[in-house]
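Given next are the chains, with one letter for each unit.
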Amino acid sequence: MSLPVPSTTRLFSHVTAQAPGKVNLSLRVGVPRADGYHPVASVYLAVSLLEEVTATPRADGEITVSLSEQSSAFVDPAVIPADASNLAVRAALRLREHLGLDAPSHGVHLEITKQVPVAGGMGGGSADAAAALLACASLWEAGLSRQALAEIAAPLGADVPFAVMGGAAVGLGVGDELTPLLARHPVYLVLIPATTGLSTPEVYALLDRLREEEALPVPEGAPEVDRELVQALTTGDAEELALRLANDLQVPAATMVPELSEMLDVGLEEGALSGLVSGSGPTVMFLARSAEESFQLAARIEDRTGVAAVAVHGPVHGARVL
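Because the structure is a prediction, the values reported are computed rather than measured. (Residues numbered from 1 in each chain as written. Predicted model: local features only at pLDDT ≥ 70, side-chain atom pairs only at ≥ 80, totals over all residues. Heavy atoms only, no water.)

As a further point, take the overall build of the protein chain. Looking only at helices and strands, the protein chain features 10 helices and 12 strands. For 322 residues, the compact-globule estimate of 2.2 N^0.38 gives 20 Å, and the C-alpha radius of gyration of the protein chain, at 20 Å, lies within 12% of that figure. Seen through its C-alpha atoms, the protein chain measures out along the principal axes to roughly 60 × 45 × 40 Å. Residues counted as buried form 52% of the 322 residues belonging to the protein chain. Of the accessible surface of the protein chain, which amounts to about 14300 Å², a share of 51% is contributed by carbon and sulfur atoms. In the protein chain, 19 positive and 39 negative side-chain charges are present, and the distance between their average locations comes to 5 Å. (Helix = DSSP H or I, 4+ residues; strand = E, 2+ residues; numbered from the N terminus. Rg over C-alpha atoms; globule rule 2.2 N^0.38 Å. Buried < 20%, exposed > 50% of the residue type's maximum accessible area, 1.4 Å probe, protein only. Areas by Shrake-Rupley, 256 points an atom, 1.4 Å probe, with all protein chains shown as cover. Lys, Arg positive; Asp, Glu negative; His and termini not counted. Charge placed at Lys NZ, Arg CZ, Asp CG, Glu CD.)

Below is the structure:
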């Protein structure tokens, strides 16, 4: 694929981009492949918790990162990498190398304003990477399409291309084979942000162990997406969607954090249509019929438990420059 040659003229002193967190309305997990990765069949939904990245040029060629003081109270600054291991830094470095830009004149500082819970199964780090890609592509005047950025993002992790694209999508393979869904009807959710994170590899490892011990059934063949769930999502049938929510990682996540089961019970008792652990957890989500009901449900859960609950909606746009 031929790429446009970036201009050497800087038009911007900085660029800010946003990208959404996500939930998995359905996540089916197969047995590990020969390479150790698990094949999945997932339905992704981008939601209205947004990560924001501001890219500012650096004259020394370095790519650095910091966390904004405007970040959500759900985010512990101590757990955010401030070095080259940060996914946003890796995204900027990958883009610079992909474009063939000389490092000394294309340094950048990335300031992240986080709203998505860390290690909560909502792809916050992936959203940071998506926003960093778009911000740096604009700063460096790369002229790349959203699809091209998604392709560049793929090696950074399965959730990054989805954060670039946004909306709703089916994810196959290891979650990176995306097929967009025409989901025009809003889905209203209440999220219970994680106060502590869960390691995704550890949740998958426990799933494998529970299957080996026959505590959970072992699936046959490649995992498939529930067509009825997709139809309910695209037609806006909240009651049917509630019946179809599914997550193979919920049992191992709740085994590692038993409070998740208790919180799921609370949400259902307070009127949620359905409840589910999001992805590898430990964020919990509840489905509501309307925006008004989602705010009311969030208030009731907070009053009862003293735990923060956030009303959100989806699908929302993918990464975009502000």
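Spatially, the four strands line up as an open sheet ordered S9-S10-S7-S11, and their pairing is antiparallel. Since the sheet does not close on itself, it has two edges, and those belong to strand S9 (274-277) and strand S11 (310-314), each with one partner. Along the sheet, successive strands turn relative to each other by an average axial angle of 30°, direction set aside. Where S9 lies against strand S10 (residues 284-288), four bridges are found, and the strand directions are antiparallel. Within the sheet, the bridge partner assigned to Val277 lies in S10 and is Val284. Helix-sheet contacts for helix H9 (residues 259-269) involve strand S7 (187-192), S9 and S10, and the interaxial angle to S10 is about 15°. (Pairing = 2+ DSSP bridges. Axes fitted to C-alpha atoms, helices over the stretch in contact; angles between N-to-C directions. Contact = heavy atoms within 4.5 Å.)

What H9 keeps buried is the set Leu260, Met263, Leu264, Val266 and Gly267. Looking straight down H9, one finds its buried side chains confined to an arc of 160°; they lie on one side. For H9, the exposed residues lying more than 90 degrees away from the buried face are Glu262 and Glu269. Its buried side turned inward, H9 meets S7, helix H8 (250-256), S9, S10 and helix H10 (291-305). The first or second residue beyond H9 is Gly271, which carries a positive phi of 110°. (Arc of directions from axis to C-beta.)

Time to look at the packing of aromatic side chains. Scanning all chains against the criterion turns up one aromatic pair. Aromatic side chains Tyr44 and Phe162 sit 5.0 Å apart centroid to centroid with 25° between the ring planes, which places their arrangement in the stacked category. Here Tyr44 is found in strand S2 (residues 40-58), whereas its partner Phe162 is found in helix H4 (residues 159-165), with 118 residues between them in sequence. Taken individually, Tyr44 and Phe162 each receive the classification buried, so the pair is uniform in this respect. (Phe/Tyr/Trp six-rings, centres within 6.5 Å; stacked < 30°, edge-to-face > 60°.)

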